[in-house]
2 protein chains.
Amino acid sequence: MVASVNSRRRSRDDVAEMALRLLDEYGLPDLTMRHLATALGVQPSALYWHFPNKQALLAAVSELILAPMRETPADDLSVHEAVRLVGSRLRECLLAYRDGSELVSSSLALGLVSSPVRAQLLEVTRRHEVPDGQAEVAAEAVMHFVVGATFHEQQRLAADQLGLLAEPVAPGPDGARAGSGADGGDFAEALTMIAHGLEVSIAQDRSRGN
Amino acid sequence: MVASVNSRRRSRDDVAEMALRLLDEYGLPDLTMRHLATALGVQPSALYWHFPNKQALLAAVSELILAPMRETPADDLSVHEAVRLVGSRLRECLLAYRDGSELVSSSLALGLVSSPVRAQLLEVTRRHEVPDGQAEVAAEAVMHFVVGATFHEQQRLAADQLGLLAEPVAPGPDGARAGSGADGGDFAEALTMIAHGLEVSIAQDRSRGN
DNA sequence: ACCTGAACACCGTTCAAGT
DNA sequence: ACCTGAACACCGTTCAAGT
């Protein structure tokens, strides 16, 4: 509870915070233990006192990126609304830092970080008396879709930023509807689709007698 | 059409095929240009005549892994069935090689490989006169969910294989229903959910007058 | 057309030793 | 408790030169 006295955890968090700054400024490929050490004015080997290895450090950075998810109020929402809100909130978190989605994607897959949507979604579904099983499945679907789609999206953004002159796409009469992939609109549509699917599952479950 | 005469593409494909073998046997972290060169009896620099860089080589390997998707017949299926079949077929492809899902996940995100489900799904939805927009959104949702979930699943399998003694999980009375994550059953449930969601989207679209 | 040899500019991690 | 110094065992990539 008393945080200012204890300086023990401080420097560990400082390392993760500096890593996040470097990530945002130079990207994941340049987030090396050596660069990070230099930015902290320390030898690379010093980092291994705070973290057992690089993946653990990256997991800590992932948690910083996902921190806003914990304070996303999903109370008094319908199940449908909760899926859409939590999903798009997660997308915002991942887009907030350069290469954020790639970093979180791997930490998540390695199992070094817990689902950033599970708790919020289960809270809502429980209030609506939805069985946890259905809610867990939906939470997994939302998480994997959002992380995958946002990773893809962020990569395209980065590519466009490098080759600005290559394919300007020229938002003409048909606006952003060109290109091959999903934009923000498609993203919202997909979340709506998943929410619909969850509702159908719930209804079917109830008609079978809970 | 005549393949046996031309030896030009042969060696390029040989490189990708050997890379796939090394991937399956030693895993992605040990799939280095140097190991691959050694396995081919060649200098590392020789690989750069066939591929501009490692990512391009990995994309070629991804395509080998995804090749069976092209010959998955989705004809005369309902939209619902097609989503489930294509989704679980993709999962099988990714699980067929060690670290297959991780490799394909990154090639996909980098945009170096095209969607392994889009073509099949669009073929079916068109026969059922579903607007392409809905189908594209569903295809994205299916792809990202399957790749993400399978990546997660494959990583857990690998972890369990290393620490076999750590948590044997001991499939007791409640069978495989323990643990925190999604198993094969949850995977199928999630696909069903997405299929349901697509059906609702289609129905809503039609009631608005196509 | 396809490959070698040699180099460049890096990596993550360990570990004895310092303070 | 926290860090240095020095090393180990690697990486991907380039490029002149060979055949």
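Only a predicted model underlies this, so the values are computations on that prediction, with no experimental measurement involved.

## Side note on the relation of the copies chain A and chain B
Phase 1 of the analysis: In the superposition of chain A on chain B (RMSD 0.0 Å, axial shift 0.0 Å), the rotation amounts to 180°. Given the turn and translation reported, the copies of this chain are related as if by a two-fold rotation axis. Taking C-alpha positions as the reference, the residue of chain A nearest the rotation axis is A:Gly197, at 1.9 Å.
Phase 2 of the analysis: A share of 100% of interface residues in chain A that are also interface residues in chain B marks the association as one of identical surfaces.

## Some details on helix α7 (residues 118-127) of chain B
Residue and element names in this part refer to chain B.
Phase 1 of the analysis: Looking only at α7, the buried set comprises Gln120, Leu121, Leu122, Val124 and Thr125.
Phase 2 of the analysis: Against α4 (54-70), α5 (79-95) and α8 (132-162) lie the buried residues of α7.
Phase 3 of the analysis: One or two residues past the end of α7 sits glutamate 129, with phi positive at roughly 55°.

## Quick word on the protein's contact with DNA strand C
Phase 1 of the analysis: Every one of the 14 residues lining DNA strand C counts as a neighbour, but A:Arg34, A:Tyr48, B:Gln43, B:Ser45 and B:Trp49 are closest to it.
Phase 2 of the analysis: Each atom of DNA strand C within 4 Å of the protein belongs either to a base or to sugar and phosphate, the latter forming 50%.
Phase 3 of the analysis: Taking A:Arg34, its side chain carries an N or O atom lying 2.5 Å from a base nitrogen of DNA strand C.
Phase 4 of the analysis: Contributions of two or more residues to the surface near DNA strand C are made by α2 (33-40) of chain A together with α3 (47-50) of chain B.
Phase 5 of the analysis: Among the elements that take part in the surface near DNA strand C, α2(A) stands out by supplying three residues, more than any other.
Phase 6 of the analysis: Residues of the surface near DNA strand C, tallied by class, amount to five nonpolar, seven polar and two charged.

## Observations concerning helix α6 (residues 100-109) of chain B
Residue and element names in this part refer to chain B.
Phase 1 of the analysis: Of all 10 residues in α6, eight are buried, a share of seventy percent or more.
Phase 2 of the analysis: Considered for burial, the residues of α6 that qualify are Gly100, Ser101, Leu103, Val104, Ser105, Ser107, Leu108 and Ala109.
Phase 3 of the analysis: Trailing α6 by a residue or two, glycine 111 shows a phi angle of about 75°, which is positive.

## So, the UniProt feature "DNA-binding region" (unreviewed entry) in chain A
Phase 1 of the analysis: UniProt records the feature "DNA-binding region" (unreviewed entry) at residues 32-51 of chain A, using the numbering of this structure.
Phase 2 of the analysis: For residues 32-51 of chain A, the helix share is 60%, the strand share is 0%, and the end-to-end C-alpha distance is 14 Å.

## Digging into the nonpolar core
In summary, soluble globular proteins display a tendency toward joint burial of nonpolar side chains.
Phase 1 of the analysis: The biggest cluster of nonpolar side chains holds 112 residues, and the ones touching the most others in it are A:Leu57, A:Phe145, B:Leu57 and B:Phe145.
Phase 2 of the analysis: Other than its neighbours up to four places away in sequence, B:Leu57 contacts B:Val15, B:Ala16, B:Ala19, B:Met33, B:Leu36 and B:Phe51.

## Observations regarding the protein's contact with DNA strand D
Phase 1 of the analysis: Taken together, 14 residues lie near DNA strand D, and A:Gln43, A:Ser45, A:Trp49, B:Arg34 and B:Tyr48 sit nearest.
Phase 2 of the analysis: Those atoms of DNA strand D that come within 4 Å of the protein belong to sugar or phosphate at a rate of 49%.
Phase 3 of the analysis: Measuring from a phosphate oxygen of DNA strand D, one finds a backbone N or O atom of A:Gln43 at 2.6 Å.
Phase 4 of the analysis: Here a phosphate oxygen of DNA strand D sits 2.8 Å away from a polar atom, N or O, in the side chain of A:His50.
Phase 5 of the analysis: Broken down by secondary-structure element, the contributors of at least two residues to the surface near DNA strand D are α3 (47-50) of chain A together with α2 (33-40) of chain B.
Phase 6 of the analysis: Among the elements that take part in the surface near DNA strand D, α2(B) stands out by supplying three residues, more than any other.

Calculation rules
- Residues numbered from 1 in each chain as written.
- Chains lettered and ligands numbered in written order.
- Predicted model: local features only at pLDDT ≥ 70, side-chain atom pairs only at ≥ 80, totals over all residues.
- Heavy atoms only, no water.
- Least-squares fit on C-alpha atoms with pLDDT ≥ 70 in both.
- Contact = heavy atoms within 4.5 Å.
- Buried < 20%, exposed > 50% of the residue type's maximum accessible area, 1.4 Å probe, protein only.
- Helix = DSSP H or I, 4+ residues; strand = E, 2+ residues; numbered from the N terminus.
- Near = heavy atom within 4 Å.
- Polar contact = N/O pair within 3.5 Å; in protein donor to acceptor, adjacent residues only side chain to side chain.
- Nonpolar A, V, L, I, M, F, W, Y, C, P; charged D, E, K, R; others polar.
- UniProt positions renumbered as here; feature names shortened; annotations may be inferred.
- Core = buried A, V, L, I, M, F, W, Y, C linked by side-chain atoms within 4.5 Å.

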